[in-house]
Amino acid sequence: MAFVVGYYALLVIASCAAAYFNQRKLFLMLFSLTLVSFVLGIVGGVPALRAVTIFAGLLAFAGAVSYAFREFLIAMSGEELAKELRTAPLTAAFGMFVIFTYAIAGIFAPWIAPYGEAEIISTAFAPADENMLLGADQLGRDMFSRIIYGARNTVGLALTATVSAFVIGATAGLLAATKGGWFDQFMGRVADVIMSIPSLIFALLMLSIFGPEIHVIIIAVAIIYAPRVFRLTRAVAGNVVVMDYIEAARLRGEGTGYLIRREILPNSTAPLVAEFGLEFCFVFLLIAGLSFLGLGIQPPTADWGSMVRENATLISFGDITPLIPAAAIALLTVAVNFVVDWMLFRSSGLKEQ
Amino acid sequence: MKNSEQQMMLDRLADAAREGRISRRSFMSYSMAAGMTATAATGLWTTSAKAQPVSGGTFRVGLHDNNTSDTHDPGTYLSIQQIVLAHTHRAYLTMINTDQTLGGDVALEWEGSSDATTWTFRLKENVVFHDGRGVNADDVIASMNFHRGDDSTSAAKALLADVTDISKTDDYTVVFQLAGPNADLPWLMTDYHLTIQPANDDGSIDWQSGIGCGPYRIVDGSFGVGFQLERHDGWHGEGAYFDAIEYLAINDPNARQVALVSGDVDAVSSIDLKTMALMQRNPDLIIENVPSGSAITMPMHCDTGPFDNVDVRMALKLAMNRDEIVEKIAFGAAVAGNDFHHSPAMPYYPEGLDQLSYDPDRARALLQGAGIDELNVDLSSAESIFSGAVDMCVLYAEQAKAAGININVVREPNDGYYSDVWLRKPFCCVAWGARPTPDVMYTLAYKDDAAWNESRWQNARFNELLLQGKSELDDAKRGEIYSEMATIARDDGGTIIPFFRNFVYARRSNVQNTGALAASWEMDGARAASRWWFEG
Amino acid sequence: MGDILSLIAKRLGLGLITLLVISIIIFFMVELLPGDIAQAVLGQGATEENLAALREQMGLNKPAVVRYLEWLAGAVRLDFGSSVVTGEPVTQAIGDRFINTLFLAAYAAVIAVPFAITLGVLVALLRNTVFDRVANVTTLTAISSPEFFLGYILILFFSVRWGMFPAISSLSPGMSFGELLERTFLPALTLVLVVTAHMMRMTRAAIINLLASPYIEMARLKGTPPWRVIVKHALPNAWAPIINVVALNLAYLITGVVLVEVVFVYPGIGQALVDAVSKRDFPIVQACCLIFAATFILLNLAADVGSILTNPRLRHPK
């Protein structure tokens, strides 16, 4: 009872405060939430209201963290950068915060994780207690420690592979678009050949032949994804190359390097950046798929993809163990794409809100 | 008693009654203790208990391990799909009964000569193929010869290597002539490759058509997808209660589990052990947990350092905590091994031998005695060996650290594991299918000159005893022989056996069986189709 | 128009060369795989003699180059050989499965493509609103989870908890079309979730990218309503990248369904391909890869032609 009274009191007070300070949007949101809560409270009872509270609380917490983090970044950085950062929406700040957290977790994994990634400290699937934040996995290893180590192993591998794919693909794509002619044709054919082979099968063949070493995985993934980047770069840059200002630059006698760096690249960054965020997800998933076929990261090294797979059957019984690493993957990709969205927005030169 | 507890108690009672594990008197007294009225208890007894097999229904089974490239060729039988199907549409000379004894399938009776080098099988005269033709000695001879001969591609060729001649004395009597004694030949005839097919005129067999003399005939289907079968009315055996059988290829453990829970199938093979406990809570499902002869082994090459030193081998054996492995890797659905390849589910099991137990201090002392301060070894493994194989090796590596042994677990690709790692890498992890007798197992993988002597182990006394056992027809004496061999293997052998797997499969509670299950294969010795029935 | 026809002809020719190169690559990759086919067929239970006999029977004793040329000679006459393992002609072995896969892919595409493009236009229009964010987070979360995991979650809710759709999509002969659609709904939905986000985001990005262009600015200054600006002015110029991404995702639908097929027990081509690789069944691997490659090449050609047709500057090169 006290909860319900407190709930509505808080909402009404907050609404009044918003109205008093002339925050129209905030007021509307809070007050409509109050009205909706009446209906929800009647239909769903206290649990529904509690769920709303928890959800709103989480959202508010995430917002507060993002806000604080943005202010922190602004305070820490120089004049130029600070100006840019002020334009970042809260979602982007949230994304940066998550990436920052993952980076810290990955870099300082051995100091942060309470236990070693292969250390067996408990019985299988032991529930969470004061020693183990997230309980134990199928061997009785600390889930939390493995998630932390997973940040280092999985993200490191996926990032390296994605960056390699991008460097190869984008360079080739830009060159092909600028040079045209036989080079364009040739690169196009090479890309066609690689892309036409189903990626999972290609990776399976490569890894079966050369062994599941880390560098083989990176090379295989880079080869598989580079043509996708190549094609997109080629398509976008192709549209830019036919623009009049490129023609003008050519007539000025500018070299290929100049054209790419100063004219084409700045005008094709947006789709490329958007692509990077997505490719990063795909690489992540491909590596998880390879683990599925027994060709991924070697055990006992923690890797989120295999952690999902190892416990996936539990999901049918409503056990959340497999959701934890899956959520770790999802959170990171969402965060990366939030930041990408902001950069996309900025680079598009669109200043209207 | 709380309500839920009461319900559980009643459910268990009903289960026990259904499977005939409990008498009517104790059933009544227990159910009344659980708060039931006498009338209600009588009602429950009559509905659920002592069900007689009832005919009818279509039995839908979700199977694991299916390949698109499988065929009906008995020489290439390998996957569970092929093996279960073979036991459904084809028949064998002999079979393993639900009480693990040997019984006749196509064979009525058999007898060996006193030196166990000649075996005579008398066939049942009422066995017919699905096309209506009667089965006679020629079909049996052709079916066996298919696996023999120089150009045979059958995987069962090694099994029949000692057979020098197969002949008939009349249409229903077949005589096997062996190069040496083999007291286990009738057991060997249960091997899953040795199905009976119709003979062609030239002495070859017709395996392509899929015609057999088993309890069900194939109506339609393809490998990797599924098969529909219907009852073969002229079947020679007992059982075959279902009208029709439907096998579905469901390779993914989660999909099998979901299909069973949602009632899309009536039974599934090989459930994910992680979810075993959760499935047991579902009153609609019954989990079968059957100890088997299928072992997980870790062979060490005894001719390669550091494994050429018996103390190192013993240290590695003592550095393994088998109980923890059984609990965490097999989720309790296994029997800890004692480093001799002879499971309690096999005949002549030597009772009362001392069990090797986790003793890192003794392991360390043994290593120091051998002048080794720190032992570093690579252990190869792959997830395809069995679900949890890599985890098991990682767990073992953690346990062995306490004995000053550093085991580096190498995860090999699933693909080609048995051609590139097994028998080649000096220390690896292997899964063995169940073999009917200890003699078959030892001859296959422990005999000094066996092609698959996976640990390259040479022990004169062990090999001498193995030969003795082959010609010994007296069961008591054979028991003694296998007991001594087990001791030698445990103390000197190069193979660590973490555990013998249980077969864990599940059925919906409206599917009934006698409660006794053959331990030779999954699904009641792969014969669930002809042995189980739907509750009436 | 003549230009485009000659372009198509040229690209088809190049496509054939691509296929040839792929067939060589695949053949030698399968050749390079450790372990051999006879071992893979007979499994752990084979002895040296068995293996030798089986190799002889399968014709594996000839040099690799000879076997490749023999295969190629057949392929030119549209005879793709027979499975090395089962002896079945390739077309018979994978024909039905290929049609099943095509059906599933088409089912998913029919839902996903219009859905993704509409959603993309909508979020571009409503960019930076709550709707944009929610659509973004939802689709991103969907593609960030491994496919098999998405499948498990859909099964958990739609079949185990709510019992709305069957958990396994096995097909039986004589099924009605409606039944077929119902049986395959969950795998199709999984695929839709997997591919929608990519297409939607690319549509959004391509449109937003154009919004800063002078001609859009012009349209806006003229007082054209925002939705008209996007649909009439921005969208037509954004087709090139959108079509490319759609083509990529359609190809993915056909080739990348292996895990989805496994989860839903759907008899498609993916499972056959994985089995064939593990058995080193070269003619099947080859046929599957070539089918995938051909699909891919055709879709790409369509995408390129589409890009040219929608961009007047490319249509009339200076």
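Calculation notes
Residues numbered from 1 in each chain as written. Chains lettered and ligands numbered in written order. Predicted model: local features only at pLDDT ≥ 70, side-chain atom pairs only at ≥ 80, totals over all residues. Contact = placed C-beta atoms within 7 Å. Helix = DSSP H or I, 4+ residues; strand = E, 2+ residues; numbered from the N terminus. Nonpolar A, V, L, I, M, F, W, Y, C, P; charged D, E, K, R; others polar. Pairing = 2+ DSSP bridges. Axes fitted to C-alpha atoms, helices over the stretch in contact; angles between N-to-C directions. Domains from an automatic or database assignment. Core = buried A, V, L, I, M, F, W, Y, C linked by C-beta atoms within 7 Å. Buried ≥ 20, exposed ≤ 12 C-beta atoms within 10 Å, placed from the backbone.

Engineer: Go over the interface of chain B and chain C, please, and point to the residues and values.
Structural biologist: Listed by partner, the interface residues are 33 residues for chain B and 41 residues for chain C. At the level of elements, α7 (253–261) and α13 (417–420) of chain B are the ones that each hand at least two residues to the side of chain B that touches chain C. Each residue belonging to the side of chain B that touches chain C can be placed in one class, and the counts come to 12 nonpolar, 15 polar and six charged.

Engineer: So, the pairing of strand β8 (residues 216–222) of chain B: which residues are in play, and what are the values?
Structural biologist: Residue and element names in this part refer to chain B. Of the strand pairs in this sheet, β8 and strand β9 (residues 226–231) are connected by six bridges, and their pairing is antiparallel. Within β9, the position partnered with S222 by the bridge is G226. Taken together, β8 and the strand that follows it, β9, pair antiparallel across an intervening segment of three residues, in which G224 is found at a positive phi of about 85 degrees.

Engineer: So what about the sheet that holds strand β6 (residues 163–170) of chain B? Which residues, and what values?
Structural biologist: Residues and elements named next belong to chain B. Taken in spatial order, the four strands line up as β4-β5-β7-β6 in an open sheet, and their pairing is antiparallel. Each edge of the sheet is formed by a strand with only one pairing partner; in this case those strands are β4 (107–112) and β6. Going from strand to strand, the sheet's axes swing by 20 degrees on average, the running direction of each strand aside. As defined by bridge partners, strand β5 (residues 118–123) adjoins strand β7 (residues 173–178) across five bridges and the pair is classed as antiparallel. By the bridge assignment, F121 is partnered in β7 with V174. Against the sheet, helix α5 (residues 137–145) touches β5, β6 and β7, its axis set at about 170 degrees to β6.

Engineer: Can you lay out the interface of chain C and chain A for me, pointing to particular residues and giving the numbers?
Structural biologist: Counting residues at the interface gives 51 residues for chain C and 44 residues for chain A. Its residues placed into classes, the side of chain C that touches chain A shows 36 nonpolar, 12 polar and three charged.

Engineer: So what's going on with the domain arrangement of chain B? Which residues, and what values?
Structural biologist: Residues and elements named next belong to chain B. Each assigned domain of chain B is listed with its residue range as follows: domain 1 (3–48), domain 2 (58–63 + 214–284 + 509–534), domain 3 (91–188) and domain 4 (291–501). For domain 2 versus domain 4, the distance between C-alpha centres works out to 32 Å. With six residues of domain 2 at the interface, the matching set in domain 4 holds 10 residues. Tallied by class, residues from the side of domain 2 that touches domain 4 come to three nonpolar, one polar and two charged.

Engineer: Tell me about the nonpolar core, and name the residues and values.
Structural biologist: Counting residues in each nonpolar core, the largest one holds 347 residues, and the members touching the most others are V221 of chain A, A315 of chain B together with I207 and C288 of chain C. With 18 residues, the single largest contributor to this core is helix α6 (residues 143–179) of chain A.

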